[in-house]
Amino acid sequence: MPLVSMRQLLDEAAAGGYGVGAFNVNNMEQIQAVFEAAQETRSPVIVQASRGARSYTNDRFLIHLMTAAVELYPDVPVSLHQDHGNSPETCLSAIDQGFTSVMMEGSLMDDGKTPSDFEYNVAVTREVVEKAHAKGVTVEGELGTLGGIEDGVGSGEVHLTDPDQAVEFVERTGIDALAVAIGTSHGAYKFTKPPDGEVLAMHLIQQIHERLPDTHLVMHGSSSVPQDLVEKINRFGGKIAPTWGVPVEEIQLGIRHGVRKINVDTDARLAMTSAIREVFVEHPEEFDPRSYLKPAREAMKAVYKQRMEQFGQAGHAGDYEPLTLEQMRERYAAVAA
Ligand SMILES: [Zn+2]
């Protein structure tokens, strides 16, 4: 099947009461691992690329790799999403390339670092919604800012999402999904101890969901940072300082309160690095890249499969017929009329 609208994936997830993992990719092995995991668990899935990933792969490599994957795994409903679009131009260029969903990160200025004001955020997000929906493409907006910096994105400051402002933001922009800031952060160094209710403002998710029951909520920075992977990296010569991610139980609590898209990047990075380090240390005579990229791909696939089971998307690939982007365009036009 062709790339699917993310809106439809999330609508179906809401109807089915589950979440969908959105996994960042930068290369062929990651894409293969995501699709293998989705096929084996019969999961719909979101593949996402940051601006950094688009420049690392070159858009054309990325799109053709995704096209190959879609051909080879026809039973997997998948959306291709622009993660952290810093400007309307970035989002529109992603749509031109064939992405079926974009995030307009208007909570930051287009340098991806400086916090913006609310009116700026509304204006740029609204602009992207008008242009994206005219092509049937989904839009994720963001209110509030996360901590941490990844791929050059982030102000380093944390501003939690205000539930009342979230209602105004969704009404004025018409977005399909809202990324909320609840105290998570990007990258591997999220928390210096296992996070509790003090650090992670899960109650905000409940409040926002009560006010906006039809808006799909998105959790960024939601890697769980498995301790065994950190330990394995360090055992084979790595130097990862003690760190904790977002516990899966907290994500599952979020899913019960309207979280439909869960962004996971770091966990796959850790899996890949741990597998490669192990081969380098255990088999220093090896120099065929396949000797370490194959185990790296297997290690990522294991993480993806586990998340797909935990988020509940497993088993739902065959639940529905994907709509075309043209059908989505008509749906948006009918709602707007
Ligand atoms: Zn993010």
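Please refer to the structure higher up on the page.
Calculation notes
- Residues numbered from 1 in each chain as written.
- Predicted model: local features only at pLDDT ≥ 70, side-chain atom pairs only at ≥ 80, totals over all residues.
- Heavy atoms only, no water.
- Buried < 20%, exposed > 50% of the residue type's maximum accessible area, 1.4 Å probe, protein only.
- Helix = DSSP H or I, 4+ residues; strand = E, 2+ residues; numbered from the N terminus.
- Arc of directions from axis to C-beta.
- Contact = heavy atoms within 4.5 Å.
- Pairing = 2+ DSSP bridges.
- Axes fitted to C-alpha atoms, helices over the stretch in contact; angles between N-to-C directions.
- Salt bridge = Lys/Arg side-chain N within 4 Å of Asp/Glu carboxyl O.
- Donors = N, O, S within 2.8 Å, 3.2 Å for Na, K, Ca; no water.

(A) Highlighting helix α9 (residues 227-235). Among the residues of α9, those classed as buried are Leu-229, Val-230, Lys-232 and Ile-233. Viewed end-on, α9 has its buried residues packed into an arc of 160 degrees, placing them on one side of the element. On its buried side, α9 packs onto α11 (266-282) and α12 (289-311). Downstream of α9 by one or two residues, Gly-237 has phi in the positive range, about 95 degrees.

(B) Molecular detail of unusual backbone geometry. Of note, the phi angle at His-84 is positive, near 55 degrees, even though the residue is not glycine. Its place among the elements puts His-84 in strand β3 (residues 78-85). With a phi close to 50 degrees, Val-225 is a non-glycine residue in the positive phi region. Counting through the fold element by element, Val-225 comes out in the loop between β7 (216-219) and α9.

(C) Representation of the pairing of strand β1 (residues 20-24) in the model. Within β1, five of the five residues are buried, leaving the element largely enclosed by the surrounding structure. Residues Val-20, Ala-22 and Asn-24 point to one face of β1 and Gly-21 and Phe-23 to the other, with burial holding for every one of them. Taken together, the four bridges between β1 and strand β8 (residues 259-264) define a ladder with parallel strand orientation. Looking at the pairing, Phe-23 lines up with Val-264 of β8.

(D) Geometry of the sheet that holds β7. Pairing is parallel in the closed barrel, where eight strands are placed in the order β1-β2-β3-β4-β5-β6-β7-β8. Averaged over all pairs of adjacent strands, the angle between strand axes in this sheet comes to 25 degrees, irrespective of strand direction. In the sheet, strand β2 (residues 45-49) pairs with β3 via five bridges, with the strands oriented parallel. Looking across to β3, one finds that Val-45 is bridged to Val-78. Strands in contact with helix α4 (residues 59-72) are β2 and β3; relative to β3, the strand with the most contacts, it is inclined by about 155 degrees. In this fold helix α8 (residues 202-211) packs onto β6 (177-180), β7 and β8, with an angle of close to 160 degrees to the strand it touches most, β7.

(E) Focus on the pattern of salt bridges. Taken as a whole, this structure holds 20 salt bridges when the rule is applied. For Arg-269, the salt bridge goes to Asp-265, with nearest N and O atoms at 3.0 Å. Ionic pairing is found between Arg-290 and Asp-288, a salt bridge with its closest N-O pair at 2.9 Å. We classify Asp-288 as partly exposed; its relative accessible area is 28%. Salt bridges here are not isolated pairs; linked through shared partners, they connect Arg-7, Asp-11, Asp-176 and Arg-331.

(F) Up close: the coordination of the zinc ion. Taken together, the protein donors to the zinc ion comprise His-84 (NE2), His-186 (NE2) and His-220 (ND1), at separations of 2.0 to 2.1 Å. Spacing between the donor residues of the zinc ion along the chain follows H-x101-H-x33-H. Residue His-84 is found in strand β3, and its partner His-186 is found in the loop between β6 and α8; the two are separated by 102 residues along the sequence. Across this residue pair, the class does not change: His-84 and His-186 are buried.

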